[in-house]
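# Summary of the model geometry
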Amino acid sequence: MSRFKAVIFDLDGVITDTAHYHYLAWKELAESQGVHFDHEFNERLKGIDRMGSLDLILASAAHQRQYTPEEKLALADTKNKHYQELISTMSSKDLLPGAVEALDTVRRAGLRIGLASVSKNAFTVLERLGITDKFDYVVDAATIARGKPDPEIFLKAARELGVAPADCLGVEDAVAGVTAIKAAGMFALGIGHPFVLTEADVVITSLKEFNLAAY
Ligand code: G6P
Ligand code: MG
């Protein structure tokens, strides 16, 4: 039914719409620093870890003042507290259409299932969604040295699942994430728009269109 042995999913924007909560929390933080923040800017932050995202926001500030490491940590913490508040009421109703069906299809086909999110909140989000036990392996973002677009997180997931990268299908909504999948030597399924996710092998609008046999 599939030429792959494992499917490795991103979380935010693929399985659940936390991408929107990240957007809201970053927007408030950016504007508190006088930085204009819109959906276009947010697209560049998708898949980028917390401190990396903050650096991109502060680098685009008109005032260009220097922030100390302590100030940066405090700002990142403010954003994260706001984000955690936003996700605290999440439940299985926040699963994106087609997500559970896609996970179950992969399971039925006998493939291994991994999760590769650079979010340190990923375990909490999986718990709230009630889908933790659907994964054979979830990468702990705290153990990853280099975020996406580096392939490290996808390579770690493949290694822990015991599957060669070439036998893995990676699923991502972020430009940086698709780059990471391709750099890992995997097949990249993009969730979004083909003119944004130009490096992906195949792009679909949402997991509702997930068709394992077709890739
Ligand atoms: C995901 C999201 C990013 C987010 C990152 C870190 O990759 O796509 O928008 O910045 O995780 O999330 P965290 O929950 O650790 O701040
Ligand atoms: Mg994502």
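Here the structure is shown first, and the text comes after it.
Read on for a plain summary of the structure. (Residues numbered from 1 in each chain as written. Chains lettered and ligands numbered in written order. Predicted model: local features only at pLDDT ≥ 70, side-chain atom pairs only at ≥ 80, totals over all residues. Heavy atoms only, no water.)

Our next topic: the sheet that holds strand 3 (residues 137-138). Here we have six strands laid out as an open sheet, ordered 3-2-1-4-5-6, and parallel in their pairing. The two strands at the open ends of the sheet, each matched to only one other strand, are strand 3 and strand 6 (202-204). As paired elements, strand 4 (residues 168-172) and strand 5 (residues 187-191) share four bridges and run parallel to each other. Considered in strand 5, the bridge of Glu-172 is made with Gly-190. Along the sheet, helix 7 (residues 152-161) makes contact with strand 1 (6-9), strand 2 (112-115), strand 3 and strand 4, crossing strand 1 at roughly 140 degrees. (Pairing = 2+ DSSP bridges. Helix = DSSP H or I, 4+ residues; strand = E, 2+ residues; numbered from the N terminus. Contact = heavy atoms within 4.5 Å. Axes fitted to C-alpha atoms, helices over the stretch in contact; angles between N-to-C directions.)

Under the criterion given, the structure shown has six aromatic pairs. Centre to centre, the rings of Phe-9 and Phe-210 are 6.4 Å apart; their planes meet at 45 degrees, and the pair counts as tilted. A residue pair is termed long-range when its members are at least 10 positions apart, and Phe-9 in strand 1 and Phe-210 in the segment after strand 6 qualify at 201 residues. You can call Phe-9 buried: its relative accessible area is 0%. The class for Phe-210 is buried, based on a relative accessible area of 12%. (Phe/Tyr/Trp six-rings, centres within 6.5 Å; stacked < 30°, edge-to-face > 60°. Buried < 20%, exposed > 50% of the residue type's maximum accessible area, 1.4 Å probe, protein only.)

Here the magnesium ion (ligand 2) is held by the protein donor atoms Asp-10 (OD), Asp-12 (O) and Asp-173 (OD), which lie 2.0 to 2.2 Å from it. Along the chain, the residues that donate to the magnesium ion (ligand 2) are spaced as D-x1-D-x160-D. The exposure class of Asp-10 is buried, given its relative accessible area of 4%. (Donors = N, O, S within 2.8 Å, 3.2 Å for Na, K, Ca; no water.)

Two strands pair when backbone bridges link them, and strand 1 and strand 2 are joined in this way by four bridges, in the parallel orientation. Paired with Ala-6 across the strands is Arg-112, a residue of strand 2. In this sheet, strand 3 lies alongside strand 2 in parallel orientation, the contact comprising two bridges. Directly across from Gly-114, in strand 3, lies its bridge partner Tyr-137. Tracing the backbone out of strand 2, into helix 6 (residues 122-129) and back to the parallel element strand 3 gives a crossover that is right-handed. (Right-handed = clockwise from strand over helix to strand, strands pointing away.)

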